[in-house]
Amino acid sequence: MRYSQYLLPTLKETPADAEVISHRLMLRAGMIRKAAAGIYSYLPFGLRSLRKMEQIIRDEMNRAGAIECLMPMANPAELWQESGRWEKYGQELLRFKDRKSADFCMGPTHEEVITDIVRNTVNSYKQLPLNLYQIQTKFRDEIRPRFGLMRGREFIMKDAYSFDLEDAGADTSYSKMYQAYRNIFNRCGLKFRSVEADSGAIGGNFSHEFMVLAESGEDGIVSCDSCEYAANVEKAELACRELQTPVAVQELRKVETPAQRTIEEVAEFLKLSPQQLVKTLIVQTSDDQVIAVLLRGDRELNAIKLAHLLDVDWALMAEDDVVKQVTGAPTGFAGPIGLKIRIIADTEIKGMADFVVGGNGVDVHFTGANQDRDFTISQFSDLRQAEAGDPCPRCEGGKFESWRGIEVGHIFKLGTKYSEAMNATVLDDQGKSQPLVMGCYGIGAGRTVAAAIEQNHDENGMILPMPLAPFQVLLTMLNPKDDLVREAAEKLYQQLLALNIEVLLDDRDERPGIKFKDADLLGIPLRVTVGARNLKDGNVELKIRKSGDMSMTSLDDIIPQLQQLVADGLAFQAGN
RNA sequence: CGGAGCGUAGCGCAGCCUGGUAGCGCGCUUGGUUUGGGACCAAGAUGUCGGAGGUUCGAAUCCUCUCGCUCCGACCA
């Protein structure tokens, strides 16, 4: 491709409304342009990366035995009503009517459509297993789209759905996808972790998220430093050693703590560390229970674990007036002593004695508080958020490391939730009707490209890994008006094209400074500069974008060198 | 959904408080000089000032409504 004939509108200035680096760079490098909040066009340069991402996905999905199809974006309401999600999905589901006033929605995911297809076309266990996928534009009317392609409303996703007769088969399908996903992100040259995750609203038995590691990631994850265990902090279990409750030695004493509300304030005021305090959280649940939860002072509640324990949809910190009603005190002074509501505690509390708790009154706390003696805990459970340094639940001696991650893939074992709701069954070898056991598997294609930029950039621009880079080689013709330079660059250009190396020839009549700045911004992995100065010695300059290494190479050697570097770049896998 | 902010040339912004011919930088066009890290000189083009209504002799500016966009928050005890 010749730059002079391409559409590659780079921006010198950073667009004001782009917050994260990938968004800024994708706008500046002319990859995307915004059409509306959370809705973007891909310009040619961005599309090239996206297509590469899609092709890697396609390759690995096909290799894992999945079959590509393409479903409609406009989904008829009936299917969604049948699964019950027309009501449940909420405002994220963009609904509209056609000219006959029939209800439709833009598909945010396609369990309904695929299940409908399969129930109408698959009747026998002999047709199983089946795994169908598509790469398609999805629409979710997010409350708050942000970060460019990272959290858009319209986005391109690969979604796959597996169908098996039995649970064991579904597990096999799941693990094939797990491996395919690892291959995909490895081939992209990304640093990532596959983590155990909460299956959330989609439901199902178990699931893994694939997280590209990046500072700006929206999710916290932990991984064990000595075994394979890795999980989203929302889900991460903690090793629960048997804890002995120490013998109480202190007496319960009420102390004045004027205007000391937070754990830090109270600890400071009493000259204790936060670990010697127990915080009491008043929690409200989706089924209107009000419960007290005890945690060590320096710990954070994991509301998702709590919701699972209580078997409710959600559990949130109670409103101030509820706290006041239950504890008789404003927020900041809640404590377990004298509470009439159910008290549950994090496992860790079992190993504590003589601690400080809120006094359920303005400006008072108790010191020397002890369980059983002073109040009763009805249940212990793992309720706190995992942190770096916490012990691994799966191995001896392993400790958690923590990371920020961008969720680029998520796989779920769905079970029979949709097949039962939508009556998708096949006959087994006994002639008996069985609901299909399903799995679903998603990858955000655009988001993965954005995540790759988050992980690979510097102050001058992006540094996409070779497999995702829009072009492999940038051939910079320094002065197109110089006949020798032009002819040498043109010749190299033709040679590279003949070798199927993806080359962008910067043949613009621009000053060198502009070309070099654009080159760094665009982040094409290999840059060859043809300039009069070196050409008179028969040389061109090769710069590796990632390392910044520059070297002089003769016109004869440059082509094989590039071939080798491209091949190496495509084979590279970040250590995962 | 709660809070904050912003809509003025393709992009980044000033002007608004205190109403009176719509500006600056970059980009773009033309000519010239320049040519290894975002050059210089000269001449030029480009605006429903987000929209509607109101106040006024006169509105980018004041008032009301509205639309769009962005950021922060939604586990603090």
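Residues numbered from 1 in each chain as written. Chains lettered and ligands numbered in written order. Predicted model: local features only at pLDDT ≥ 70, side-chain atom pairs only at ≥ 80, totals over all residues.

### Some details on the overall build of chain A
So the rule is basically this: Strands are runs of DSSP state E lasting at least two residues, helices are runs of H or I lasting at least four, and both sets are numbered from the N terminus onward. A residue is called partly exposed when the number of other C-beta atoms within 10 Å of its own lies between 12 and 20, exposed at 12 or fewer, and buried at 20 or more, with C-beta atoms placed from the backbone. Two residues form a contact once the distance between their C-beta atoms, set from the backbone, is within 7 Å.
Secondary structure assignment for chain A yields 15 helices and 31 strands. Put simply, chain A has 576 residues, and 43% of those count as buried. Put simply, of all contacts in chain A between residues at least 6 apart along the chain, 70% involve residues at least 24 apart.

### Some remarks on the packing of helix α2 (residues 44-63) against helix α11 (residues 445-455)
Operational definition: Helix axes are fitted to C-alpha atoms over the stretch in contact, other axes to C-alpha atoms as well, and angles between N-to-C directions run from 0 to 180 degrees. Each angle receives one of four descriptions, namely roughly parallel if under 35 degrees, roughly antiparallel if over 145, roughly perpendicular if within 65 to 115, and oblique otherwise. By definition, any crossing whose near helix is turned counterclockwise from its far helix by less than a right angle is left-handed, and any crossing with a clockwise turn is right-handed.
Two elements in contact, α2 and α11, have axes separated by 9 Å at closest approach and are oriented at 115 degrees. Relative to α11, α2 is oriented roughly perpendicular. Crossing geometry of α2 relative to α11 is assigned as right-handed. For the pair α2 and α11, contact is made by S49, L50, M53, E54 and I57 and by A445, G446, T448 and V449, respectively.

### Thoughts on the pairing of strand β21 (residues 400-415)
Here is the rule: Think of it this way: DSSP has to see at least two bridges between two strands before they count as a pair.
Among the 16 residues in β21, 12 count as buried, and that is most of the element. Pairing between strand β10 (residues 207-213) and β21: 7 bridges, direction antiparallel. Bridge pairing links L213 to G405 in β21. Taken together, the 6 bridges between strand β11 (residues 219-224) and β21 define a ladder with antiparallel strand orientation. The residue bridging G220 from the neighbouring strand is R404, located in β21. By the bridge criterion, 6 bridges tie β21 to strand β24 (residues 437-444) in an arrangement that is antiparallel. For I411, the partnering residue across the bridge sits in β24 and is Y441.

### Focus: the sheet that holds strand β5 (residues 95-97)
Within the open sheet, the 3 strands sit side by side as β4-β6-β5. Their pairing is antiparallel. The open sheet is flanked by β4 (74-76) and β5, the only strands paired with a single partner. Strand-to-strand twist of the sheet, defined as the mean angle between neighbouring strand axes without regard to direction, takes the value 40 degrees.

### A short note on the nonpolar core
Threshold: Here, a nonpolar core denotes buried Ala, Val, Leu, Ile, Met, Phe, Trp, Tyr and Cys residues that are linked to one another through C-beta atoms within 7 Å. Domain start and stop positions are those given by an automatic or database domain assignment.
By size, the foremost hydrophobic cluster in this structure holds 114 residues, and its most contacted members are V473 and L475. Built from parts of two domains, this core gets at least three residues from each of domain 1 (17-237 + 402-454) and domain 3 (471-571). Ranked by size, the runner-up nonpolar core spans 30 residues in total, among them I282, L294, V323 and F355.

### Quick notes on the protein's contact with RNA strand B
Selection rule: Being near a molecule or strand means, for a residue, that its backbone-placed C-beta atom lies within 6 Å of it.
Around RNA strand B, the structure places 48 residues, and the nearest of them are M317, T331, P512, G513 and G531. At the level of elements, β14 (278-285), α8 (303-310), β16 (315-317), α13 (512-522) and α14 (532-535) are the ones that each hand at least two residues to the surface near RNA strand B. With 8 residues, α13 is the single largest residue contributor to the surface near RNA strand B.

### Remarks on the packing of helix α1 (residues 21-28) against α11
Using the following cut-off: For this classification, Asp, Glu, Lys and Arg are treated as charged, while Ala, Val, Leu, Ile, Met, Phe, Trp, Tyr, Cys and Pro are nonpolar and the rest, including Gly, are polar.
The geometry of α1 relative to α11 is characterised by a closest axis approach of 8 Å and an angle of 105 degrees between their N-to-C directions. Relative to α11, the element α1 lies roughly perpendicular. Taken together, the residues of α11 that come into contact with α1 (itself represented by I21, S22, L25 and M26) are A450, I453 and E454. Split by residue class, the contact of α1 with α11 holds 5 nonpolar, 1 polar and 1 charged.

### Focus: the confidence of the model for chain A
Reading fine detail from the predicted coordinates is not recommended where pLDDT is low. This is how it is decided: The pLDDT value tells you how sure the predictor is about a given residue, anywhere from 0 up to 100.
Averaged over chain A, the pLDDT score is 91; the fraction of residues at 70 or greater is 99%. Reported confidences for the modelled complex are a pTM of 0.89 and an ipTM of 0.90.

### Quick word on unusual backbone geometry
Each neighbour pair has its own omega, and for L128 with P129 the value is -5 degrees, a cis peptide bond. Relative to the helices and strands, P129 resides in the loop between α5 (111-121) and β7 (130-139). A positive phi angle, near 60 degrees, is found at F147, a position not held by glycine. For F147, the location among the structural elements is in the loop between β7 and β8 (154-164).

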